[in-house]
Protein chains: 2
Amino acid sequence: MKEYKVKVLVLLKDGLFDPQGKVIEDIIKSKNINVENVRIGKLIVFNIKSNSKEEILETINKQLATLFANPVVEKFEIEIEELNRL
Amino acid sequence: MKEYKVKVLVLLKDGLFDPQGKVIEDIIKSKNINVENVRIGKLIVFNIKSNSKEEILETINKQLATLFANPVVEKFEIEIEELNRL
């Protein structure tokens, strides 16, 4: 078993209006910074012991996806990094 | 000018109790999944036109950091990816 750090990045699906993102976008643009498509989402970070990244992805997709995101309106992406510990 | 996709990942500082993370951790552990240190945070994603990643980091740190996070209790990390568009 190895230890991994996992980041789950949850956003509203593309095409759905994100009012909070729009507010932040307007504030950033008012500072003359050239941004587009600002979206605000949720972040879940954890450490997990597992045999492989593939096993982690399977665990998340089969058992945790609906805990992290509402599949009707949200999408998520997963970043996995192996931790080097003795 | 190039276009970049930026992700700002905001979490409570280490050592600060994250009650929402604790709730999620307990739910995950009840499924016999071996997780630790679950933290719930905020995600801000946007596209930005800039000359370099260094310029983006400077813009964020000088002008946007306090918009994205409360420096007293939160920390953030930044991921920048160059977009390939014609």
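Let me begin by describing the structure that accompanies this report.

Quick look at unusual backbone geometry
Note: most residues except glycine have negative phi, and most peptide bonds are trans.
Stage number 1. Although it is not a glycine, Asn37(A) adopts a positive phi angle of roughly 55°.
Stage number 2. Its location among the elements puts Asn37(A) in strand E2 (residues 35-50).
Stage number 3. Among the residues examined, Asn37(A) registers a relative accessible area of 43% and is labelled partly exposed.
Stage number 4. Of note in this structure, Asn32(B) is not a glycine but carries a positive phi near 60°.
Stage number 5. Here Asn32(B) lies in the loop between helix H1 (19-29) and strand E2 (35-50).

Regarding the pairing of strand E1 (residues 2-12) of chain B
Residue and element names in this part refer to chain B.
Stage number 1. Counting buried positions over the eleven residues of E1 gives eight, a clear majority of the element.
Stage number 2. Bridge count for E1 against E2 is nine bridges, and the pairing is antiparallel. Bridging from a neighbouring strand, Glu3 pairs with Lys49 of E2.
Stage number 3. Relative to strand E3 (residues 74-82), E1 is paired through nine bridges, and the arrangement is antiparallel. If you follow Val10 over to E3, its bridge partner there is Phe76.

Digging into the interface of chain B and chain A
Stage number 1. Each partner contributes residues to the interface: chain B has 33 residues there, and chain A has 33 residues.
Stage number 2. Carbon and sulfur atoms supply 62% of the area buried between chain B and chain A, which totals about 2900 Å² over both sides.
Stage number 3. Summed over the three residues of chain B that lose the most area to chain A, namely Asn34(B), Leu43(B) and Leu67(B), the buried surface amounts to 18% of that side.
Stage number 4. Inspection of the chain B/chain A interface yields three salt bridges.
Stage number 5. A salt bridge links Glu77(B) to Lys7(A), with the shortest nitrogen-to-oxygen separation between them at 2.5 Å.
Stage number 6. The tally of links from chain B across to chain A stands at ten residue pairs in polar contact (both at pLDDT 80 or more).
Stage number 7. Put simply, the parts of the chain that give the side of chain B that touches chain A at least two residues each are E1, H1, E2, helix H2 (53-68) and E3 of chain B.
Stage number 8. With 15 residues, E2(B) is the largest single contributor of residues to the side of chain B that touches chain A.
Stage number 9. Grouping the amino acids of the side of chain B that touches chain A by side-chain chemistry returns 18 nonpolar, six polar and nine charged.
Stage number 10. Where E2(A) lies against E2(B), eleven bridges are found, and the strand directions are antiparallel. The residue bridging Ile48(A) from the neighbouring strand is Val35(B), located in E2(B).

Regarding helix H1 (residues 19-29) of chain A
Stage number 1. Taken residue by residue, H1(A) has Gly21(A), Ile24(A), Glu25(A) and Ile28(A) as its buried positions. Mapping the buried residues of H1(A) onto a view down its axis gives an arc of 105°, with all of them on the same face.
Stage number 2. Elements in contact with the buried residues of H1(A): E2 of chain A together with H2 of chain B.

Thresholds applied
- Residues numbered from 1 in each chain as written.
- Chains lettered and ligands numbered in written order.
- Predicted model: local features only at pLDDT ≥ 70, side-chain atom pairs only at ≥ 80, totals over all residues.
- Heavy atoms only, no water.
- Helix = DSSP H or I, 4+ residues; strand = E, 2+ residues; numbered from the N terminus.
- Buried < 20%, exposed > 50% of the residue type's maximum accessible area, 1.4 Å probe, protein only.
- Pairing = 2+ DSSP bridges.
- Contact = heavy atoms within 4.5 Å.
- Buried area = accessible area lost by both parts, 1.4 Å probe.
- Salt bridge = Lys/Arg side-chain N within 4 Å of Asp/Glu carboxyl O.
- Polar contact = N/O pair within 3.5 Å; in protein donor to acceptor, adjacent residues only side chain to side chain.
- Nonpolar A, V, L, I, M, F, W, Y, C, P; charged D, E, K, R; others polar.
- Arc of directions from axis to C-beta.

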